[in-house]
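A closer look at the structure
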Amino acid sequence: MRADVQNTIEKIQKSLDLLAQRLDVETAPYRLEEFNARVEDPTLWDDPDAAQKLMRDRQMLVDAMATHDNIKQEMADNIELIELGEMEDDADVITDAENALRALEETAAKKELEALLDGEADSNDTFLEVNAGAGGTESCDWANMLARMYVRWAEKKGYKVELQSMSDGDEAGIKSATYKITGLNAYGWLKSESGVHRLVRISPFDSAAKRHTSFSSVWVYPVVDDNIDIDVNPSDIRIDTYRSSGAGGQHVNTTDSAVRITHHPTGIVVTSSEKSQHQNRDIAMKALKSRLYQLELDRRNAAINEAHENKGDAGWGNQIRSYVLQPYQMVKDLRTNFETSDTKGVLDGDLDGFMAATLALDASGKTRAEAQNG
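Quick caveat: nothing in here was measured; it's all calculated off a predicted structure.

The number of helices and strands found in the protein chain is 11 helices and 11 strands. Going through the 374 residues of the protein chain one by one, you find that 43% of them count as buried. For the protein chain, restricting intrachain contacts to residue pairs at least 6 apart in sequence, the fraction spanning at least 24 positions comes to 63%. By element, 46% of the accessible surface of the protein chain is carried by carbon and sulfur atoms, the whole surface being about 19,700 Å².

For the rest of this paragraph, the subject is the nonpolar core. The biggest cluster of nonpolar side chains holds 72 residues, and the ones touching the most others in it are Leu128 and Tyr323. In contact with Leu128, other than residues within four places in its own chain, are Tyr150, Ala177, Thr178, Tyr179, Ile181, Leu190, Val218, Trp219 and Val220. Counting residues in hydrophobic clusters, the runner-up holds nine residues, among them Leu32, Phe35, Leu44 and Leu54.

Turning our attention to helix 3 (residues 48-88). The end-to-end C-alpha separation of helix 3 is 59 Å, in line with the 60 Å expected for 41 residues at 1.5 Å each. All of the buried residues in helix 3 are Ala51, Leu54, Leu61, Met65, His68, Ile71, Met75, Asn78, Ile79, Ile82 and Gly85. The elements touched by buried residues of helix 3 are helix 1 (3-23), helix 2 (28-39) and helix 4 (91-115). One or two steps after helix 3, the chain reaches Asp89, where phi turns positive at roughly 55°.

Backbone torsion omega between Gln326 and Pro327 reads 5°, so that peptide bond is classified as cis. One can find Pro327 in the loop between strand 9 (319-324) and strand 10 (330-333). Despite not being glycine, Asp24 shows a phi value in the positive range, around 55°. What makes Asp24 partly exposed here is its relative accessible area of 38%. Unlike most non-glycine residues, Asp89 shows phi in positive territory, near 55°. The topology assignment puts Asp89 in the loop between helix 3 and helix 4.

A grouping of Glu74, Asp77, Glu80, Glu83 and Glu86 is seen on the molecular surface, where their side chains present a negatively charged patch. On the secondary structure map, Glu86 appears in helix 3.

For strand 2 (residues 160-168) and strand 3 (residues 174-182), the ladder comprises eight bridges, and the chain directions are antiparallel. Within strand 3, the position partnered with Ser167 by the bridge is Ser176.

A few words on the packing of helix 3 against helix 4. Running from N to C, helix 3 and helix 4 point in directions that differ by 160°, and their axes come no closer than 9 Å. With respect to their mutual orientation, helix 3 and helix 4 come out roughly antiparallel. In the packing of helix 3 onto helix 4, the handedness of the crossing is left-handed. Contact residues: helix 3 offers Thr67, Ile71, Glu74, Met75, Asn78, Leu81, Ile82, Gly85 and Glu86, while helix 4 offers Val93, Ile94, Ala97, Glu98, Ala100, Leu101, Leu104, Ala108 and Lys111. For the contact of helix 3 with helix 4, the per-class residue count stands at 11 nonpolar, three polar and four charged.

Structurally, Asp122 can be placed in the loop between helix 4 and strand 1 (126-132). Setting aside chain neighbours within four positions, we find Asp122 in contact with Leu116, Leu117, Asn185, Ala186, Tyr187, Gly188 and Lys191.

Taking strand neighbours across the sheet as the criterion, the eight strands line up as 2-3-1-5-4-9-10-11 in an open arrangement whose pairing is mixed. The outermost strands of the open sheet, each flanked by one partner alone, are strand 2 and strand 11 (339-340). Bridge count between strand 4 (residues 195-202) and strand 9: five bridges; the pairing is parallel. Pairing of His197 across the sheet is with Arg321, part of strand 9.

Among the six residues that make up strand 9, six are buried, leaving the element largely enclosed by the rest of the structure. Pairing of strand 9 with strand 10, which is carried by four bridges, proceeds in the antiparallel orientation. Directly across from Val324, in strand 10, lies its bridge partner Met330. Hairpin connection of strand 9 to strand 10: five residues between the antiparallel strands.

On to the packing of aromatic side chains, then. A full pass over the atoms with the stated rule returns four aromatic pairs. Where Trp153 meets Tyr159, the ring centres are 5.7 Å apart and the plane angle is 70°; that geometry is what we call edge-to-face. We classify Tyr159 as buried; its relative accessible area is 12%. Above the plane of the ring of Tyr221 lies Arg291, whose end atom (NZ or CZ) is 5.0 Å from the centre.

In the structure shown here, the tally under the stated rule is 21 salt bridges. One salt bridge connects Arg102 with Asp4, and the closest N-O pair in it is separated by 3.7 Å. With Arg102 in helix 4 and Asp4 in helix 1, this pair connects stretches of sequence that are 98 residues apart. For Arg102, a relative accessible area of 32% translates into the label partly exposed. Residue Asp4 is classed as partly exposed on the basis of its relative accessible area, which comes to 37%. Between Asp348 and Arg152 there is a salt bridge, and its shortest N-O distance comes to 3.7 Å. Linking Asp348 in the loop between helix 9 (343-347) and helix 10 (352-364) with Arg152 in helix 5 (residues 137-156), this pair joins segments that are 196 residues apart in sequence.

Quick notes on the rules
Residues numbered from 1 in each chain as written. Predicted model: local features only at pLDDT ≥ 70, side-chain atom pairs only at ≥ 80, totals over all residues. Heavy atoms only, no water. Helix = DSSP H or I, 4+ residues; strand = E, 2+ residues; numbered from the N terminus. Buried < 20%, exposed > 50% of the residue type's maximum accessible area, 1.4 Å probe, protein only. Contact = heavy atoms within 4.5 Å. Areas by Shrake-Rupley, 256 points an atom, 1.4 Å probe, with all protein chains shown as cover. Core = buried A, V, L, I, M, F, W, Y, C linked by side-chain atoms within 4.5 Å. Expected span 1.5 Å × (residues − 1). Patch = residues over 30% accessible without salt bridge, like charges linked within 9 Å, V, L, I, M, F, W, Y side chains within 5 Å. Salt bridge = Lys/Arg side-chain N within 4 Å of Asp/Glu carboxyl O. Lys, Arg positive; Asp, Glu negative; His and termini not counted. Charge placed at Lys NZ, Arg CZ, Asp CG, Glu CD. Pairing = 2+ DSSP bridges. Axes fitted to C-alpha atoms, helices over the stretch in contact; angles between N-to-C directions. Parallel < 35°, antiparallel > 145°, perpendicular 65-115°, else oblique. Left-handed = near helix turned anticlockwise from the far one by under 90°. Nonpolar A, V, L, I, M, F, W, Y, C, P; charged D, E, K, R; others polar. Phe/Tyr/Trp six-rings, centres within 6.5 Å; stacked < 30°, edge-to-face > 60°. Lys NZ or Arg CZ within 6 Å of the ring centre and 35° of its normal.

The quantities given are spatial measurements derived from coordinates; they are silent on function.
What follows is the structure, encoded as structure tokens:
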């Protein structure tokens, strides 16, 4: 067996070892039996929220077990095919099996990264806020492009996306938008996107066709489960209602149903502009609790805390990623140095490479390239 093929097998085995460790492969069948027994309990759905969480946790375990077993079996099958091809001097069989192992290496590496999503809230749904920085129409248009980018990314993942609130720009784009993104590991994937995003391009709003730099900020925080108790003192908040076009956009009839909650001790402001004022109060309060929970997570994790504190204003010196459309095409993450010239793909939601690189950096303290070479 060639040395490069043996190296591929070793990389797959390393990914398998991590998957087995994260899964705790020895106890997994017994934990699944416990889940199955609880699922058969006729009183399970007396508490729908608890039942949904149980079913979700069970499915996560089933998927993790299947992923580990499938990779292990496919690796063994292709190793056997290579050995058989070498015995029978069948180059075609050997080539096909080697190609299958290379593809499996990529799959295993991706699943390894997903297995690193084991933070306290990584599996949760998430809220995502986009806010235009200084720069007027330019930044508002850039904020709108970012919001579209994340919606496209989430839709490609099969996640559910709900617009919670939106404030239109004065001339174009948006001043801000908040989304709720629902799906397994939504927060775990998106949490690395918090920070300032910088755009360099020829402005479509400049008659002189000059190059402009715009900034917008992104803030990501997990949707807290109902079983996580977050105390909010009523005297610490102010609830305002205001006139808004709502989630349907600027052409929808305006109402006075929108709700804004301000939390005085932290300065956190959350909004919701659905049709029902009662519904908006509930959504906004959940969003506030999620933000407060995020602050608590940050206090427990010094690295995350430092990152959020350094996020700063949406301007020079605080950006995490640079999107250059002129004079050349390049998107580069300034934390990991991961980059691509496929700017169109990125703005259409192709973000997995950036997220994976940051996830690997958080897990190992190395850039993706260093982790792969190590």
